[in-house]
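In case you want the letters, here they are:
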Amino acid sequence: MGAHRRGRGLAGVSVREAAPASAPPQRDRYFDTLRALALIRVVGYHTFNWAWAGLVFPSMGIMFALAGTLMAKSLERPAPKVVRSRLRRLLPPFWFWGVFVVLAMLLHGWMPDWRIVYWIVPLGDPPGNAWGEQAWEILWYLRTYLWFVLLSPLLLRVFRLAPLPVLLLSLAPVLVLNFVWAGPDGRIGTALWDLSTYLCCWLLGFAHRDGVLRRMRPAAVVVLSLAALGFGGWYALAHRAEFGTYDLDENPLAQAFWSAGFVLPLLWAKARFGIGFARLTRFRRTNRIVTVFNARAVTIYLWHEIALLLAVPLIDRFWDVPAFEAYLPLDSQWFLFGVGWLLIGVFVLLCGWVEDVAARKRPRLLP
């Protein structure tokens, strides 16, 4: 498996609920809220390095499941058109961000080779130097998401041949990689590990969209969910010595089972009870925050590590101001968290418009 820390990411554009033909489509606030919470958890994880964060809220599994749902919906249209649309929405924000990161690494001594092509289309992990690692290490998610998008037309056909058996067998690849064959070294091996880790979550998104989850009995959902959570949790705790932590981000097998067990009841409840969080729209500020998070999800994800990096020297300057030193908790990680979010907000205002351009919308400071 790769050297990257796991557990951060996003999942494309927002899912929308079905609406009458005479009314504009309404955003699905249940999915939008999950995505916003996942982004907050991502930033929190990178600020505090909480090993237990993935157990409380496995944001990556949730994000891949939401993306799978959206992809299954989109594939009601011709597959080439859908894939082109996904690439168009994903790559321009990535290129815009990458120009700054690549230029900064070049100025700090990086010597690129042919692998710089992965900074154009991240089918493999884009290369970089140690100086910029904290910024570019998050790109494993974009690479994994991109491969799932490319494979989805085939995956959806296979899934629809036998939904439940395929769903259960989707955990087999990570078991094989963990116990039988660790896969090749390098970028191919890293990609196989990540695809295998989150394959079940992606297919759970298919199952939600196709109504497979809605038809499942509550008892079956409870048994399958608890079994997956139990095995994933046990494996994470039992192998703490091997991985040096019980953090799911460092343990693909535990991550795969725990994420699948966590996502299953979330999507089943949505499908079975039609949970929509429609009342969220009554709370204007909260609703606005969720809207911004979803409209600028790619921007927040790409720029959040840079924001946290810049927050450190900025806070260091605060120590030179006696009033700040006396009254502000400058040595608190929570203060770093707050300053990081302020800088993320700046990047959203300065760079978020690229997502509008990628989506062929009129550029705006805020949606």
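Bear in mind that the values here come from a model prediction, so they are computed numbers and not experimental data. (Residues numbered from 1 in each chain as written. Predicted model: local features only at pLDDT ≥ 70, side-chain atom pairs only at ≥ 80, totals over all residues. Heavy atoms only, no water.)

Draft legend 1. Just the overall build of the chain, in detail. What the chain contains, in helices and strands, is 17 helices and two strands. Whereas a compact globule of 367 residues would reach a radius of gyration of roughly 21 Å, the chain reaches 21 Å, a difference of no more than 12%. Its C-alpha atoms give the chain principal-axis dimensions of roughly 65 × 55 × 45 Å. Out of the 367 residues in the chain, the part that is buried amounts to 53%. For the chain, long-range pairs separated by at least 24 residues make up 74% of all intrachain contacts whose partners lie at least 6 apart in sequence. About 17,400 Å² of surface is accessible on the chain, with carbon and sulfur atoms providing 67% of the total. Here the chain contributes 38 positively and 22 negatively charged side chains, and the mean placements of these two sets differ by 15 Å. (Helix = DSSP H or I, 4+ residues; strand = E, 2+ residues; numbered from the N terminus. Rg over C-alpha atoms; globule rule 2.2 N^0.38 Å. Buried < 20%, exposed > 50% of the residue type's maximum accessible area, 1.4 Å probe, protein only. Contact = heavy atoms within 4.5 Å. Areas by Shrake-Rupley, 256 points an atom, 1.4 Å probe, with all protein chains shown as cover. Lys, Arg positive; Asp, Glu negative; His and termini not counted. Charge placed at Lys NZ, Arg CZ, Asp CG, Glu CD.)

Draft legend 2. Fine view of empty space enclosed by the protein. Counting across every chain of the model gives two cavities of 30 Å³ or more. There is about 30 Å³ of room inside the second largest cavity. Lining the second largest cavity are Pro93, Phe96, Thr299, Leu302, Trp303, Cys351 and Val354. When contributions to the lining of the second largest cavity are tallied by element, the ones reaching two or more residues are helix H4 (79-107) and helix H14 (297-318). Broken down by element, the residue count for the lining of the second largest cavity peaks at three residues, all from H14. Taken together, the residues of the lining of the second largest cavity sort by class into six nonpolar, one polar and no charged. (1 Å grid on protein atoms, 1.4 Å probe; cavity = no way out; pocket = protein on both sides within 12 Å on 5 of 7 lines; lining within 4 Å. Points joined across faces, edges and corners; volume = space filled by probe spheres on them. Nonpolar A, V, L, I, M, F, W, Y, C, P; charged D, E, K, R; others polar.)

Draft legend 3. Spotlight on the nonpolar core. Within the largest apolar cluster, 101 residues are counted, with the highest numbers of intra-cluster contacts made by Phe64, Trp97, Trp119, Tyr141 and Trp202. Broken down by element, this core gets its largest block of residues, 12 residues, from helix H12 (residues 252-273). (Core = buried A, V, L, I, M, F, W, Y, C linked by side-chain atoms within 4.5 Å.)

Draft legend 4. Representation of a nonpolar patch on the surface. On the surface, a nonpolar cluster with roughly 710 Å² of combined accessible area is contributed by Trp95, Trp114, Ile116, Val117, Ile120, Val121, Leu123 and Leu150. Within the secondary structure layout, tryptophan 114 lies in the loop between H4 and helix H5 (133-136). Under the relative-accessibility criterion, tryptophan 114 is labelled exposed at 61%. (Patch = residues over 30% accessible without salt bridge, like charges linked within 9 Å, V, L, I, M, F, W, Y side chains within 5 Å. Salt bridge = Lys/Arg side-chain N within 4 Å of Asp/Glu carboxyl O.)

Draft legend 5. How the structure looks around the packing of helix H3 (residues 59-74) against H12. With their axes 9 Å apart at the nearest point, H3 and H12 run at an angle of 50 degrees to one another. Relative to H12, the element H3 is oriented oblique. Of the two elements, H3 crosses H12, and the hand of that crossing is right-handed. Together, Gly61, Ile62 and Ala65 of H3 and Ser259, Phe262, Val263, Leu266 and Leu267 of H12 make up the contact between the two elements. Taken together, the residues of the contact of H3 with H12 sort by class into six nonpolar, two polar and no charged. (Axes fitted to C-alpha atoms, helices over the stretch in contact; angles between N-to-C directions. Parallel < 35°, antiparallel > 145°, perpendicular 65-115°, else oblique. Left-handed = near helix turned anticlockwise from the far one by under 90°.)

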